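So you can see what is in the structure, the chains are spelled out below.
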There are 2 protein chains.
Amino acid sequence: MVPVLIKDLLSSKPEGQQVKVCGWVRSVRDSKGLVFIQVNDGSCFSNIQLTFDRNNPSNNANVNNIEETLKKLNTGASVRAIGALIESPASGQAVEVTLENIECLGTCSPEEYPLQKNKMSMEYLRENAHLRARTNTFGAVYRVRNQMAFAVHSFFQERGFQYMNAPEITCSDCEGAGEMFQVTTLSLEKIAEMGVKAGIGGMKVEDAHKIVDYSKDFFGKKASLTVSGQLEAETMATALSRVYTFGPTFRAENSNTPRHLAEFWMIEPEMAFYDLDDNMDIQEDFVKYLLNWALTKCQEDLAFFDKRIQPGLIESLKAVANAKFTRISYTDAIAILEKDAAEGKVKFEYKPFWGCDIATEHERYLTEKVFNGPVMVYNYPKEIKAFYMKLNEDGKTVKAVDVLVPGIGELIGGSEREENYEVLLERIKSLGLEPKDYDWYLDLRRFGTVPHSGFGLGFERLIRYVTGMENIRDVIPFPRAPKLADF
Amino acid sequence: MVPVLIKDLLSSKPEGQQVKVCGWVRSVRDSKGLVFIQVNDGSCFSNIQLTFDRNNPSNNANVNNIEETLKKLNTGASVRAIGALIESPASGQAVEVTLENIECLGTCSPEEYPLQKNKMSMEYLRENAHLRARTNTFGAVYRVRNQMAFAVHSFFQERGFQYMNAPEITCSDCEGAGEMFQVTTLSLEKIAEMGVKAGIGGMKVEDAHKIVDYSKDFFGKKASLTVSGQLEAETMATALSRVYTFGPTFRAENSNTPRHLAEFWMIEPEMAFYDLDDNMDIQEDFVKYLLNWALTKCQEDLAFFDKRIQPGLIESLKAVANAKFTRISYTDAIAILEKDAAEGKVKFEYKPFWGCDIATEHERYLTEKVFNGPVMVYNYPKEIKAFYMKLNEDGKTVKAVDVLVPGIGELIGGSEREENYEVLLERIKSLGLEPKDYDWYLDLRRFGTVPHSGFGLGFERLIRYVTGMENIRDVIPFPRAPKLADF
């Protein structure tokens with residue numbers, strides 16, 4: 001009883017064979033006795049057209065039933081139809097279905113249906129996130145998202161990587177990267193109540209923290225949502241050689257921007273025996289693989305984005321897919337930025353200097369203006385990068401690399417990891433971190449240490465890049481951000 | 001500079017070509033001037049053997065360097081070696097490498113290395129979860145896990161399903177399924193302090209809850225970790241037709257058993273236009289596909305599990321992969337259980353009766369003794385199943401189905417969903433749930449509703465089944481359970 005997907009019907013040879021169509025009505029047009037019903041099932045961008053000629057119905061047509069059903073059909077209604085698949089006489093589609101029978105499975109009141117409006121803003125659709133997959137734009141976004149996810153797995157599986165799941169709940173904030181969400185089964189209301197009772201009973205305010213007893217929390221200590229699976233991925237890479245994570249990560253940053261999510265999906269590969277150059281090679285291969293996958297498997301959806309969302313999108317993706325990525329050291333990149341700023345070629349909000357973070361404006365200037373193509377900037381000052389990155393012989397820079405692409409800026413961040421026990425321990429201490437918190441991580445350097453590298457790609461950033469969608473909240477089904485956790 | 005994986009070396013044609021081997025030493029044997037080094041890189045179960053003949057070294061051998069390096073090699077040390085790939089004269093391996101040079105990348109002190117012991121318990125290895133991927137058992141578990149994850153994606157991609165990500169953080173406890181973890185950026189210590197201050201200031205205990213102000217929490221209201229992505233998956237299936245989630249889900253149940261995790265990965269497909277029979281068909285196809293994938297792509301690892309972990313494993317997986325799944329209604333299943341119990345054929349801890357939950361002991365009796373093969377039990381009493389399951393015409397049962405397999409019991413749970421707005425609303429009300437909490441979910445029935453079905457498979461339960469591993473904590477890299485959130 002499972003229907004054939006419209007995607008497959010549209011690519012079938014039309015030989016008048018009887019087919020069953022299930023989906024949702026996009027539009028009904030009734031013109032001089034000729035009825036056209038556009039039906040979509042989300043399997044592809046295109047609709048399939050059902051036709052019913054009142055003046056000349058098909059011999060097999062159940063005319064009365066069709067007429068009765070037609071009265072119930074509005075945009076959004078669901079149907080199950082039967083008819084003959086024929087070559088379409090009209091332009092715009094290869095095949096269509098001559099209606100023999102149709103059933104309305106679920107009506108859709110035009111007065112009440114939230115997606116009836118003609119022009120719906122992205123904000124409005126976000127408030128109706130449970131229905132927005134039914135629109136052209138979001139159907140396309142989610143299909144591209146699906147293709148990109150499978151492309152990620154395919155890329156790594158073809159190269160002998162093992163998919164692994166890093167933990168979501170963790171008691172270690174090892175990366176020290178930003179604010180975390182706390183996870184608890186302690187009752188906040190109960191804590192407040194204990195506080196009030198203790199206050200009445202004479203507890204001093206400075207003793208209040210004693211009321212919070214993490215030994216009674218689910219995990220027996222304070223637990224949070226992970227900000228990165230990298231350190232755990234390293235434990236697996238130093239056993240299985242090549243691994244990758246692809247899972248949700250969390251940041252409790254109070255950033256209400258079109259570029260930040262509180263919950264997002266990250267891809268974090270980690271490779272034993274890869275140095276920084278190997279790391280850059282695979283990053284370049286990876287980006288090109290993903291873009292080529294999108295360009296070949298999502299043609300219809302990309303054509304829509306190119307036309308309606310970001311003109312020039314396909315050309316710009318093709319350009320990166322075919323480019324040789326420029327590789328430039330941080331020091332050289334800064335020199336260019338300083339020189340061009342000094343010569344008045346460009347005005348930056350933040351003045352670039354050796355030692356500064358490369359801001360998005362700098363990244364985009366490098367990739368869009370200076371090199372007009374993808375750029376990999378490597379060997380950053382150790383002060384602005386994480387403790388686990390491998391120190392260069394100059395003692396000043398670390399083997400980090402960021403991949404910058406036009407229109408987005410940073411797409412990937414990665415590094416060769418510090419595999420020397422003494423150097424890593426020194427880095428941990430000098431940053432004021434507590435070595436015993438990193439005992440298990442240091443073990444990887446104590447026992448059979450190997451050179452290794454890895455990188456991280458924010459999946460939603462990738463989808464934003466590939467679709468041209470402006471707001472990151474519109475490339476994930478149910479976005480989470482400050483004050484936003486609906487559904 | 002990226003080395004060829006040992007998996008690929010072992011299947012290369014040995015023609016004396018020079019190869020580079022990178023990995024970790026499993027053992028070094030030195031016998032009458034003949035040295036054998038077993039090296040593993042985790043890409044497959046087998047090691048590659050490096051040989052060095054002191055009495056007759058290869059012409060290209062850097063003898064002095066090899067001898068120096070050999071002094072540093074213990075189990076767990078990491079090496080980079082160069083040599084000629086030749087046909088192995090010994091049995092047990094097809095190829096080996098005649099050593100020309102070898103470098104120790106990282107030593108591994110036998111006194112300190114936690115994996116030195118001969119017999120290590122599963123508990124001991126769990127405490128060393130950051131290193132256990134280096135053992136035979138866990139290397140095999142993680143490779144099988146990787147293969148099964150890719151099999152899941154491949155199965156659904158081949159069938160036109162769209163992979164989607166349901167949210168991890170949610171403000172709706174829609175399934176009402178068990179205890180949830182709270183996610184917050186409010187400071188528990190601060191709440192305690194405010195409580196103490198308020199108590200000192202004269203607040204009454206019954207007003208203490210007012211101190212907890214969720215409008216100041218990150219999401220502006222109380223938020224939790226999801227227990228299921230099903231309801232969100234339904235929003236996507238009623239737009240894209242066929243979708244599936246594969247992501248982490250959470251239960252804050254205080255169950256310290258070998259069958260429960262607080263954090264586990266779930267696969268939740270959801271299909272528009274599928275009824276209960278279609279749902280059962282695809283579940284059967286899915287299980288067989290996964291088992292066949294394991295049996296063909298994980299032969300070496302499964303052979304290990306069959307030999308060391310669960311004798312008979314491969315035969316039992318093959319039997320299910322080739323079986324026709326028995327389909328039996330709950331009512332008929334209970335009748336069998338009651339009859340066999342009454343006749344003394346079996347003794348149950350919990351007496352079966354119509355209306356009872358089918359316990360694991362009942363499930364296993366049905367699948368292992370009565371049918372000696374996989375069983376699908378369908379049409380359960382509505383009282384013991386969730387509100388969203390489609391009510392049968394009898395008014396008493398719902399279109400739920402559980403898949404039972406020998407050795408495990410329930411592997412999959414699913415149902416056809418209630419797509420009738422009125423019936424669903426009635427169910428919500430009669431269970432004392434608040435209709436307005438389900439407004440968005442009801443919308444799917446208000447606007448173009450369609451028959452649809454879905455199911456859930458716990459990924460770790462699958463891995464336990466396929467590997468024969470006894471404890472679910474040993475089939476995920478970093479298990480989370482009560483008092484357990486290390487690393």
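In this text the structure is predicted, and so the values were computed from the model without any measurement.

The rules behind the values
- Residues numbered from 1 in each chain as written.
- Chains lettered and ligands numbered in written order.
- Predicted model: local features only at pLDDT ≥ 70, side-chain atom pairs only at ≥ 80, totals over all residues.
- Heavy atoms only, no water.
- Phe/Tyr/Trp six-rings, centres within 6.5 Å; stacked < 30°, edge-to-face > 60°.
- Helix = DSSP H or I, 4+ residues; strand = E, 2+ residues; numbered from the N terminus.
- Buried < 20%, exposed > 50% of the residue type's maximum accessible area, 1.4 Å probe, protein only.
- Lys NZ or Arg CZ within 6 Å of the ring centre and 35° of its normal.
- Contact = heavy atoms within 4.5 Å.
- Salt bridge = Lys/Arg side-chain N within 4 Å of Asp/Glu carboxyl O.
- Polar contact = N/O pair within 3.5 Å; in protein donor to acceptor, adjacent residues only side chain to side chain.
- Nonpolar A, V, L, I, M, F, W, Y, C, P; charged D, E, K, R; others polar.
- Core = buried A, V, L, I, M, F, W, Y, C linked by side-chain atoms within 4.5 Å.
- Least-squares fit on C-alpha atoms with pLDDT ≥ 70 in both.
- Axes fitted to C-alpha atoms, helices over the stretch in contact; angles between N-to-C directions.
- Parallel < 35°, antiparallel > 145°, perpendicular 65-115°, else oblique.
- Left-handed = near helix turned anticlockwise from the far one by under 90°.
- Pairing = 2+ DSSP bridges.
- pLDDT = per-residue confidence, 0-100.

A. Here's a closer look at the packing of aromatic side chains. According to the stated counting rule, one finds 60 aromatic pairs over all chains in the structure shown. A centroid spacing of 5.0 Å and a plane angle of 70° characterise the contact between A:Phe155 and A:Tyr289, whose relative ring orientation is edge-to-face. Placement of the pair is A:Phe155 in helix H4 (residues 136-158) and A:Tyr289 in helix H7 (residues 276-297), with a sequence separation of 134 residues. On the basis of relative accessibility, which here comes to 0%, the residue A:Phe155 falls in the buried class. Between the NZ or CZ atom of A:Lys297 and the centre of the ring of A:Trp293, over which it lies, the distance is 4.3 Å. The aromatic ring of B:Tyr441 is capped on one face by B:Arg445, whose charged end is 4.2 Å from the ring centroid.

B. Summary view of the interface of chain B and chain A. In this assembly, 128 residues from chain B lie in contact with 128 residues from chain A. If you look at where chain B meets chain A, you find two salt bridges. With its nearest N and O atoms 3.2 Å apart, the salt bridge here joins A:Asp486 to B:Lys221. For the pair chain B and chain A, the number of links is 49 residue pairs in polar contact (both at pLDDT 80 or more). The greatest single-element share of the side of chain B that touches chain A, amounting to 11 residues, is contributed by helix H5 (residues 188-200) of chain B. Residue classes in the side of chain B that touches chain A are distributed as 67 nonpolar, 33 polar and 28 charged.

C. Spatial organisation of the nonpolar core. Within the largest apolar cluster, 271 residues are counted, with the highest numbers of intra-cluster contacts made by A:Met148 and B:Met148. Grouped together as the second largest cluster of nonpolar side chains are 22 residues, A:Phe250, A:Ala252, B:Phe219 and B:Ala223 included.

D. Representation of the relation of the copies chain B and chain A. The two copies are related by a screw operation: chain B maps onto chain A through 180° of rotation and 0.0 Å of translation along the axis, at an RMSD of 0.0 Å. The transformation relating the two chain copies, once decomposed into turn and shift, fits a two-fold axis. A share of 100% of interface residues in chain B that are also interface residues in chain A marks the association as one of identical surfaces.

E. How the structure looks around the environment of A:Asp332. Position of A:Asp332 among the secondary structure elements: in helix H10 (residues 330-342). Separated by 46 residues in the primary sequence, A:Asp332 and A:Tyr378 have C-alpha atoms spaced 9.7 Å apart.

F. Representation of the packing of H7(A) against helix H9 (residues 313-322) of chain A. Residue and element names in this part refer to chain A. Interaxial distance between H7 and H9 falls to 9 Å at its minimum, and their mutual angle equals 140°. With respect to H9, the axis of H7 lies oblique. Classified by chirality, the crossing of H9 by H7 is left-handed. Each of Val 287, Lys 288, Leu 291, Asn 292 and Leu 295 in H7 lies in contact with H9, whose residues at this interface are Ile 314, Leu 317, Lys 318, Val 320 and Ala 321. Classifying every residue of the contact of H7 with H9 by side-chain character gives seven nonpolar, one polar and two charged.

G. The arrangement of the pairing of strand E5 (residues 95-106) of chain B in detail. All names here are of chain B. Looking at chain direction, strand E3 (residues 48-53) and E5 are connected through two bridges and run parallel. Pairing of Leu 50 across the sheet is with Val 97, part of E5. As paired elements, strand E4 (residues 78-87) and E5 share 10 bridges and run antiparallel to each other. Paired with Ser 78 across the bridge in E5 is Gly 106.

H. Expanded view of the environment of B:His452. Residue and element names in this part refer to chain B. With respect to the helices and strands, His 452 occurs in strand E16 (residues 452-458). For His 452 and Tyr 274, which are 178 residues apart along the polypeptide, the C-alpha to C-alpha distance reads 5.0 Å. If sequence neighbours within four positions are ignored, His 452 has contacts with Glu 234, Glu 270, Met 271, Ala 272, Phe 273, Tyr 274, Glu 416, Arg 417, Glu 419 and Arg 445. Looking at His 452, its side chain comes within polar contact range of the main-chain oxygen of Val 450, at 2.9 Å.

I. Representation of the sheet that holds strand E2 (residues 34-40) of chain A within the structure. Residues and elements named next belong to chain A. In spatial order, the strands read E1-E2-E3-E5-E4; together these five strands close into a barrel with mixed pairing. Pairwise comparison of adjacent strand axes, ignoring direction, gives a mean angle of 50° for this sheet. Where strand E1 (residues 18-31) lies against strand E4 (residues 78-87), seven bridges are found, and the strand directions are antiparallel. Each bridged residue has a counterpart across the sheet, and for Val 21 the counterpart in E4 is Ala 81.

J. Region of interest: the pattern of salt bridges. According to the stated counting rule, one finds 58 salt bridges over all chains in the structure shown. The shortest N-O distance in the salt bridge between B:Asp474 and B:Arg126 comes to 2.9 Å. Taken together, the residues span a long stretch of sequence, with B:Asp474 in the segment after helix H14 (459-467) and B:Arg126 in helix H3 (residues 122-127) at a distance of 348 residues. Both residues of the pair, B:Asp474 and B:Arg126, count as buried. Here B:Asp281 and B:Arg327 are joined by a salt bridge, their closest N and O atoms 2.8 Å apart. Pair noted here: B:Asp281 is in helix H7 (residues 276-297) and B:Arg327 is in strand E12 (residues 326-329), with a separation of 46 residues, a long-range link. With a relative accessible area of 29%, B:Arg327 lands in the partly exposed category. The structure contains a network of salt bridges with shared partners spanning A:Asp281, A:Glu284, A:Lys288 and A:Arg327.

K. Focus on the confidence of the model for chain A. Chain-level pLDDT for chain A is 96 on average; 99% of the residues reach the 70-or-more range. Among the prediction metrics, the complex's ipTM stands at 0.97, with pTM recorded as 0.97.

L. Highlighting the sheet that holds strand E9 (residues 223-225) of chain A. One open sheet holds the six strands; their spatial order is E7(A)-E9(A)-E8(A)-E8(B)-E9(B)-E7(B), and the pairing between them is antiparallel. Looking along the sheet, the strands with just one partner apiece sit at the ends: strand E7 (169-170) of chain A together with strand E7 (169-170) of chain B. As paired strands, strand E8 (residues 182-184) of chain B and strand E9 (residues 223-225) of chain B are joined by two bridges and run antiparallel to one another. Considered in E9(B), the bridge of B:Val183 is made with B:Ala223.

M. The arrangement of unusual backbone geometry in detail. All names here are of chain A. Residue Ser 241 is not a glycine yet carries a positive backbone phi of 75°. Structurally, Ser 241 is set in the loop between helix H6 (230-240) and strand E10 (242-250). Its relative accessible area of 2% is what places Ser 241 among the buried residues. The backbone of Asn 372 sits at a positive phi, close to 45°, despite the residue not being glycine. With respect to the helices, strands and loops of the structure, Asn 372 is situated in the loop between helix H11 (360-370) and strand E13 (375-381).

N. Representation of the side chain of B:Arg445 in the model. Residues and elements named next belong to chain B. Within the fold, Arg 445 resides in helix H13 (residues 439-446). For Arg 445, a relative accessible area of 4% gives the class buried. There is a polar contact of 2.8 Å between the side chain of Arg 445 and the backbone oxygen of Glu 418. In contact with Arg 445, other than residues within four places in its own chain, are Glu 234, Arg 417, Glu 418, Glu 419, Asn 420, Tyr 421, Leu 424 and His 452.

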